[in-house]
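Fold and geometry: a report
What follows is each chain in one-letter form.
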Amino acid sequence: MSECECLEGCPFFNDKMANMPGTAEMYKKKYCKGDFDNCARHMIFEKLGKPAVPGDLFPNNQDRAKRIISAAT
Ligand code: SF4
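The notes below deal with the structure included here. (Residues numbered from 1 in each chain as written. Predicted model: local features only at pLDDT ≥ 70, side-chain atom pairs only at ≥ 80, totals over all residues. Heavy atoms only, no water.)

**A word on the side chain of Arg 41**
Of note, Arg 41 is situated in helix H3 (residues 40-48). The side chain of Arg 41 is buried and forms no salt bridge, while Asp 56, the nearest opposite charge, is found at 6.4 Å. Discounting residues that sit within four places of it in the chain, Arg 41 has contacts with Cys 10, Pro 11, Phe 12, Val 53, Pro 54, Gly 55, Asp 56, Leu 57 and Pro 59. (Helix = DSSP H or I, 4+ residues; strand = E, 2+ residues; numbered from the N terminus. Buried < 20%, exposed > 50% of the residue type's maximum accessible area, 1.4 Å probe, protein only. Lys, Arg positive; Asp, Glu negative; His and termini not counted. Salt bridge = Lys/Arg side-chain N within 4 Å of Asp/Glu carboxyl O. Contact = heavy atoms within 4.5 Å.)

Here is the structure:
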């Protein structure tokens, strides 16, 4: 199984999830080390580039990601 290319520097884990290791592991397993095409953060990264990804966007918040993408395109 492949890994998301953003995993190393994904600010979501280095910042927002630092005090919630259990939850962070769950997201990593589901998205970063698996279904990253459906990660809300990755969706924006692919379409708009890294600077457009909000720091506090959760991987499972695809609705917000879609709104951000359609507002920008
Ligand atoms: S949260 Fe999303 S963008 Fe960040 S490393 Fe995981 S899959 Fe990649």
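**Let's talk about the nonpolar core**
With 10 residues, the main nonpolar core is built from Leu 7, Cys 10, Phe 12, Phe 13, Met 17, Ala 24, Tyr 27, Tyr 31, Cys 32 and Cys 39. Among the secondary structure elements, those contributing two or more residues to this core are helix H1 (11-16) and helix H2 (21-32). Considering every element that reaches this core, the biggest residue donor is H2, with 4 residues. (Core = buried A, V, L, I, M, F, W, Y, C linked by side-chain atoms within 4.5 Å.)

**A few points about the packing of aromatic side chains**
How two aromatic rings sit relative to each other is set out by the distance from centre to centre and by the angle between their planes. On inspection of all chains with the given rule, the structure shows 4 aromatic pairs. Seen from their ring centres, Phe 12 and Phe 58 are 5.0 Å apart, and the 75 degrees between their planes marks the pair as edge-to-face. Taken together, the residues span a long stretch of sequence, with Phe 12 in helix H1 and Phe 58 in the loop between H3 and helix H4 (62-72) at a distance of 46 residues. Residues Tyr 27 and Phe 58 carry aromatic rings whose centres are separated by 5.9 Å and whose planes lie at 75 degrees to one another, so their mutual orientation is edge-to-face. Highlighted residues: Tyr 27 in helix H2 and Phe 58 in the loop between H3 and H4, separated in sequence by 31 residues. Judged by its relative accessible area of 30%, Phe 58 falls in the partly exposed class. (Phe/Tyr/Trp six-rings, centres within 6.5 Å; stacked < 30°, edge-to-face > 60°.)

Shape is all these values report; function is a separate question.
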